[in-house]
Amino acid sequence: GATSGQYMLWDESADELALIGNGTKLSFFDAAGGENISADNAGVLSVAAGAQLSLTSPTLAVTSTSAVTIATPSLQVSSASAGKPTFEVINTTDDQAGCELRLKSTQNGTAGVPNDVAGKITFFSNDDAAGTPNNQAFGRMQTKSTAVTSGSETGEMAFAVATSTSGDLADV
């Protein structure tokens, strides 16, 4: 390549094509486009897509030895199968600890105040509106802080259901 220490290598003994050197990149569509796979000397492999990255497979396995981090404003899991999708958190260790689903609000590192919502789960289903049904909230579980003084924190958990023609949720 034009950059010292970066080149392409075909290893016949392993039937392997390698891009050698820090910051090497395999581009798709065109060399200046945003669609590429790259690697650096810190062991980071990056996949960049100009618009959308699609992975299609009967089963997609992601294995990480420490953590999987997804930074996005919205994560959707959908299925056209009856009774699906199913979201499972599974602990395979033979102990009494069990597993945990954690909803965590960090306020970007700032101090909490009373009535900060720690997390909520809202349940939606379609109503029977003529034409196009509305996807309506029918219930909610929500937890918030009531006192945030370090060492004497207290909280409140509320359950709410749809109770009126406006569809508003009211605590029960």
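The following paragraphs examine the structure supplied in this document. In this text, all values refer to a predicted model and were calculated from it rather than measured experimentally.

## Regarding the overall build of the protein chain
Within the protein chain, the secondary structure is distributed over 0 helices and 9 strands. Reading the helices (α) and strands (β) of the protein chain from amino to carboxyl end gives β-β-β-β-β-β-β-β-β. Taking 172 residues into account, the globule formula puts the C-alpha radius of gyration at 16 Å, and the protein chain, at 25 Å, lies well above it. Principal-axis analysis of the C-alpha atoms places the extent of the protein chain at approximately 70 × 55 × 40 Å. Counting only residues that meet the buried cut, the protein chain has 7% of its 172 residues in that class. Taken as a whole, the protein chain presents about 14300 Å² of accessible surface, with 52% of it coming from carbon and sulfur. Of the charged side chains in the protein chain, 7 are positive and 18 negative; the average position of the first set lies 11 Å away from that of the second.

## Description of the sheet that holds strand β7 (residues 135-147)
Pairing within the open sheet is antiparallel, and its 4 strands lie in the order β6-β7-β8-β9. Sheet topology places β6 (117-126) and β9 (169-171) at the edges, where each strand pairs with a single neighbour. For this sheet, the mean inter-axis angle between neighbouring strands, taken without regard to orientation, is 25°. When β7 meets strand β8 (residues 154-162), the two strands line up antiparallel, connected through 8 bridges. Pairing of G139 across the sheet is with V161, part of β8.

## Concerning the pattern of salt bridges
Proximity of charged atoms lets side chains of opposite charge pair with each other. Taken as a whole, this structure holds 3 salt bridges when the rule is applied. Here E100 and R102 are joined by a salt bridge, their closest N and O atoms 3.0 Å apart. On the accessibility criterion, E100 (52% relative accessible area) is exposed. Taking the relative accessible area as the measure of exposure, R102 reaches 54% and is therefore exposed. For K144, the salt bridge is made with E156, and the minimal N-O distance between the two is 3.8 Å. One end of the pair, K144, is in strand β7; the other, E156, is in strand β8, with 12 residues separating them in the sequence. E156 gets classed as partly exposed once you look at its relative accessible area, which sits at 37%.

## Topic: unusual backbone geometry
For the bond from K84 to P85, the omega torsion is 5°, close enough to zero to count as cis. For P85, the position within the fold is in the loop between β5 (45-48) and β6. One non-glycine residue, Q107, lies in the positive phi region at around 50°. Within the secondary structure, Q107 sits in the loop between β5 and β6. Phi is positive for N115, which is not a glycine, with a value near 75°. Along the chain, N115 turns up in the loop between β5 and β6. For N115, a relative accessible area of 48% translates into the label partly exposed.

Each value, and the rule that gives it
- Within each chain, residue numbers correspond to sequence positions counted from 1 in written order.
- In keeping with the predicted nature of the model, local features appear solely for residues at pLDDT of at least 70, side-chain atom pairs appear and are counted solely at 80 or more, and the whole-chain, interface and lining totals rest on all residues.
- Just so you know, side-chain values use all the structure's heavy atoms and leave hydrogens and water out.
- Strands are runs of DSSP state E lasting at least two residues, helices are runs of H or I lasting at least four, and both sets are numbered from the N terminus onward.
- Just to be clear, the radius of gyration here is over C-alpha atoms, and the globule rule we use is 2.2 Å times residues to the power 0.38.
- Any residue under 20% of the maximum accessible area for its type is buried, any over 50% is exposed, and the rest in between are partly exposed; the area is computed with a 1.4 Å probe on protein chains only.
- Accessible surface is estimated by sampling points in the Shrake-Rupley manner with a 1.4 Å probe; for residues, cover comes only from the protein chains shown.
- The charge count includes Lys and Arg as positive and Asp and Glu as negative, but it does not include His or the ends of the chains.
- One atom stands in for each charge, and that atom is NZ of Lys, CZ of Arg, CG of Asp or CD of Glu.
- The criterion for strand pairing is that DSSP finds at least two bridges linking the strands in question.
- A fitted line through C-alpha atoms serves as each axis, taken over the contacting stretch for helices, and the angle formed by two N-to-C directions is quoted from 0 to 180°.
- Put simply, a salt bridge is a Lys or Arg side-chain nitrogen that is within 4 Å of an Asp or Glu carboxyl oxygen.

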